[in-house]
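# Examination of the molecular architecture
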2 protein chains.
Amino acid sequence: MKKISKADLPIKELVELIKEDFIKTDKLIKNQITSEVDRIPELSNHIISLGGKRLRPILTIACAKMLNTENNHHIALAAAVELLHTATLLHDDVVDESYFRRGKETSHILWDNKSSILVGDYLLGKAFQLMVKTGSLQCLETLSNAAAIIAEGEVLQLVATNNINIKKSDYIKIIESKTAALFSSACEVGGIISNSPSEINKSLFSFGRNLGTSFQLIDDALDYSGSSDNLGKNIGDDFYDGKITLPIIIAFEKADENEKYIWKEIFQKKVRNEKDLIIANNLIEKHKSIEKTIDLANKYGDDAKKDLSIFNESPIKKGLVNLVDFSLIRDH
Amino acid sequence: MKKISKADLPIKELVELIKEDFIKTDKLIKNQITSEVDRIPELSNHIISLGGKRLRPILTIACAKMLNTENNHHIALAAAVELLHTATLLHDDVVDESYFRRGKETSHILWDNKSSILVGDYLLGKAFQLMVKTGSLQCLETLSNAAAIIAEGEVLQLVATNNINIKKSDYIKIIESKTAALFSSACEVGGIISNSPSEINKSLFSFGRNLGTSFQLIDDALDYSGSSDNLGKNIGDDFYDGKITLPIIIAFEKADENEKYIWKEIFQKKVRNEKDLIIANNLIEKHKSIEKTIDLANKYGDDAKKDLSIFNESPIKKGLVNLVDFSLIRDH
């Protein structure tokens, strides 16, 4: 069993503040994945039971509660956000050919690619059904935008595979799309459903984008510097998949001619081995790529905190600030 | 080049009546698949350029025009319906491992499974963006229901692969889900967006369901009785994929002990060959399975026509009636 990391405390504290709604959301999610076709609840339960941090629905609930929402629509939205996220995870695992997620075998390994694709589509449909039930076209707008942007980011990442010459701006675009887009919409719908003015909703959107970007940057750093036990996946997954992330982009930018040659050789190969990873890690260390990636994540984290400055002080606001810090210091 | 079949005339006549809107829809679809990420328009254009019959958007436009719709929202809905359909085709081709669609190589063969999965997700997101723009929550409701039901039907079909004991009711459920659900919503949104009363919308929904079911039954019959040239795919695709469709269900129901043994042997195999198809076709012919499948399709076709009885006579209504007949006599 995985140890509970100290780094998880800020999430636990925030969840404590929204506990009742968090439990309702969890129930609603589980309620959505029922179907007479057994494969659907079986496979959905598998990926949902892996748990994860449930960061996105926590953000929706917390933002709505911070703004004193007066109905229960934020529960449906939080569940929709998590279902949308789960659908993308199912498809991602097929695309990345991942064997493990959070320390457990992935669905497409336990069942097959076909089931993961189709159950992902089913969860996407269920997510939109939930959004429709809230009656908020504005929420549907931001979340359907997010759905398209996430997929666009994933395609961009796919075509950039093994491309050591990827521009930093394209890399940032990928993580803004594949990760930050849903964070920002998850936060924004919390404001929209609380009938908040557009200025507030814009700040929430921006907060989510900055938090999501900082979150993904740390994820990308952890892939080279974390420990497998904590991550629940293997170190170097991105490396073996040929995903060129910021630690590599920085090391490649700073590389001399010999180092550039090495990087090109490594990513021209179809398959990379452990020896390649050791070489890569040495170059990453030499050019302080991890530190620089974390620095950039901190910058986004600072911006996220600034986005919260227009809100009155409250326990939930404090919880959101702590969440930004958590995303920066976490080890998984 | 494929000959234009005489059976296509009813579609051509109907399109002639809604030509302006049909062209606008086509433009809007092409407009939606633009992206800075080249792979997205490349792959989308490939599958969209294969054309197909565009039956679903034709239904949306025709139903809206028959009910004298007063704005242009039906164009966005027709485009959304076709994008939703295209997304499911991309995922289906991966799931079915199909090499050809409409006589051309499929996208996942020309590119890869990963691209087809992710571009499918992108088109799904774009479909929902278009629906949101119409501002109709009721349209979003029926189409998000359809999205979930289609995926559920595809999973049911997947788990029923090679199951010669599938119940007829389960088979009907599969085709109602994977095909008829989108036909019914495509028709219903034409009514909803024209501010028609719920009685009208229910009739349109029922018309679409009956037409879609009859359409799929004929598709399933054509897989054993059509010609490859007309179909643009191979005869026996369902058979080789292990999809148990009505022609087989009927032949299995009527089979004596020896024949049952043969059927079981055939579908216990992981791979079936041409000799197996010849044996299957002989049993299908012996028990008049194709004729009986067409009979059932005709029954659904008759019900579809009855659903239209509440509408005033008009050229478009006549066009829809002819479309039902087309779906029954077509050779592709």
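Treat the numbers as computed from the prediction; the structure is a model and nothing was measured.

## A few points about the overall build of chain A
Helix and strand content of chain A: 17 helices and two strands. In terms of overall size, chain A behaves like a compact globule, its C-alpha atoms giving a radius of gyration of 20 Å where 332 residues would be expected to give roughly 20 Å. Dimensions of chain A, computed from the C-alpha atoms along their principal axes, are close to 60 × 50 × 35 Å. The proportion of buried residues among the 332 residues of chain A is 54%. When contacts within chain A are restricted to residue pairs at least 6 apart in sequence, those whose partners lie at least 24 apart make up 76%.

## Remarks on the interface of chain B and chain A
Counting residues at the interface gives 35 residues for chain B and 35 residues for chain A. Elements with a contribution of two residues or more to the side of chain B that touches chain A: helix 3 (39-49), helix 5 (73-96), helix 7 (113-134) and helix 8 (137-159) of chain B. A per-element tally of the side of chain B that touches chain A places helix 8 of chain B first, with 14 residues. For the side of chain B that touches chain A, the residue count by class is 20 nonpolar, eight polar and seven charged.

## Focus: the relation of the copies chain B and chain A
Overlay of chain B on chain A (RMSD 0.0 Å): rotation 180 degrees, translation along the axis 0.0 Å. Here the transformation between the copies is reduced to the relation of a two-fold axis. Of the interface residues in chain B, 100% have counterparts in chain A that sit at the interface too, so the contact is made through matching surfaces.

## Let's talk about helix 3 (residues 39-49) of chain A
The complete set of buried residues in helix 3 of chain A reads Ile 40, Leu 43, Ser 44, Ile 47 and Ile 48 of chain A. Buried residues along helix 3 of chain A cover an arc of 130 degrees about the axis, so they all sit on one side. Buried-residue contacts for helix 3 of chain A involve helix 2 (19-32), helix 5 (73-96), helix 6 (107-110) and helix 7 (113-134) of chain A together with helix 8 of chain B. A positive backbone phi angle near 80 degrees is found at Gly 51 of chain A, which sits one or two residues after helix 3 of chain A.

## Some details on the nonpolar core
Membership of the largest hydrophobic core comes to 209 residues, with the highest contact counts inside it found for Ala 80 of chain A together with Ala 80 of chain B. Once residues within four sequence positions are removed from consideration, Ala 80 of chain B is found in contact with Ala 127, Leu 130, Met 131 and Leu 143 of chain B.

## Focus on unusual backbone geometry
Residue and element names in this part refer to chain B. Despite not being glycine, Asn 68 has its phi angle at roughly 55 degrees, a positive value. One non-glycine residue, Lys 288, adopts positive backbone phi at about 50 degrees. Here Lys 288 is to be found in the loop between helix 15 (274-286) and helix 16 (289-307).

## Thoughts on the packing of helix 7 of chain A against helix 8 (residues 137-159) of chain A
Residue and element names in this part refer to chain A. Two elements in contact, helix 7 and helix 8, have axes whose closest approach is 8 Å; the angle formed by their N-to-C orientations is 155 degrees. On the basis of their axis angle, the class for helix 7 and helix 8 is roughly antiparallel. Like other packed secondary-structure pairs, helix 7 and helix 8 cross with a definite hand, here right-handed. Together, Met 131, Val 132 and Thr 134 of helix 7 and Cys 139, Leu 140 and Leu 143 of helix 8 make up the contact between the two elements.

## Brief notes about the confidence of the model for chain A
On average, chain A scores 92 in pLDDT, and the residues at 70 or more come to 95%. The complex prediction reports pTM at 0.94, with the ipTM value standing at 0.94.

## Quick word on the packing of helix 3 of chain A against helix 7 of chain A
Residue and element names in this part refer to chain A. Following both chains from N to C, one finds helix 3 and helix 7 inclined at 90 degrees, their axes separated by 10 Å at the closest point. With respect to their mutual orientation, helix 3 and helix 7 come out roughly perpendicular. For the pair helix 3 and helix 7, contact is made by Arg 39, Ile 40, Leu 43 and Ser 44 and by Ser 115, Val 119, Tyr 122 and Leu 123, respectively.

## Notes on the environment of Ile 174 of chain A
Residues and elements named next belong to chain A. You can see Ile 174 is positioned in helix 9 (residues 168-192). On the basis of neighbour count, Ile 174 is assigned to the buried category, with 24 C-beta atoms found within 10 Å. Filtering out sequence-adjacent residues up to four positions away, Ile 174 remains in contact with Gly 153, Leu 156, Gln 157 and Ala 160.

## As for the environment of Gly 125 of chain B
By the secondary structure assignment, Gly 125 of chain B is in helix 7. Along the backbone, Gly 125 of chain B and Asn 298 of chain B are 173 residues apart, and their C-alpha atoms lie at a distance of 36 Å. If we ignore the near neighbours within four places in the chain, the residues touching Gly 125 of chain B are Ser 144, Ala 147, Ala 148 and Ala 151 of chain A.

Criteria and thresholds
Residues numbered from 1 in each chain as written. Chains lettered and ligands numbered in written order. Predicted model: local features only at pLDDT ≥ 70, side-chain atom pairs only at ≥ 80, totals over all residues. Helix = DSSP H or I, 4+ residues; strand = E, 2+ residues; numbered from the N terminus. Rg over C-alpha atoms; globule rule 2.2 N^0.38 Å. Buried ≥ 20, exposed ≤ 12 C-beta atoms within 10 Å, placed from the backbone. Contact = placed C-beta atoms within 7 Å. Nonpolar A, V, L, I, M, F, W, Y, C, P; charged D, E, K, R; others polar. Least-squares fit on C-alpha atoms with pLDDT ≥ 70 in both. Arc of directions from axis to C-beta. Core = buried A, V, L, I, M, F, W, Y, C linked by C-beta atoms within 7 Å. Axes fitted to C-alpha atoms, helices over the stretch in contact; angles between N-to-C directions. Parallel < 35°, antiparallel > 145°, perpendicular 65-115°, else oblique. Left-handed = near helix turned anticlockwise from the far one by under 90°. pLDDT = per-residue confidence, 0-100.

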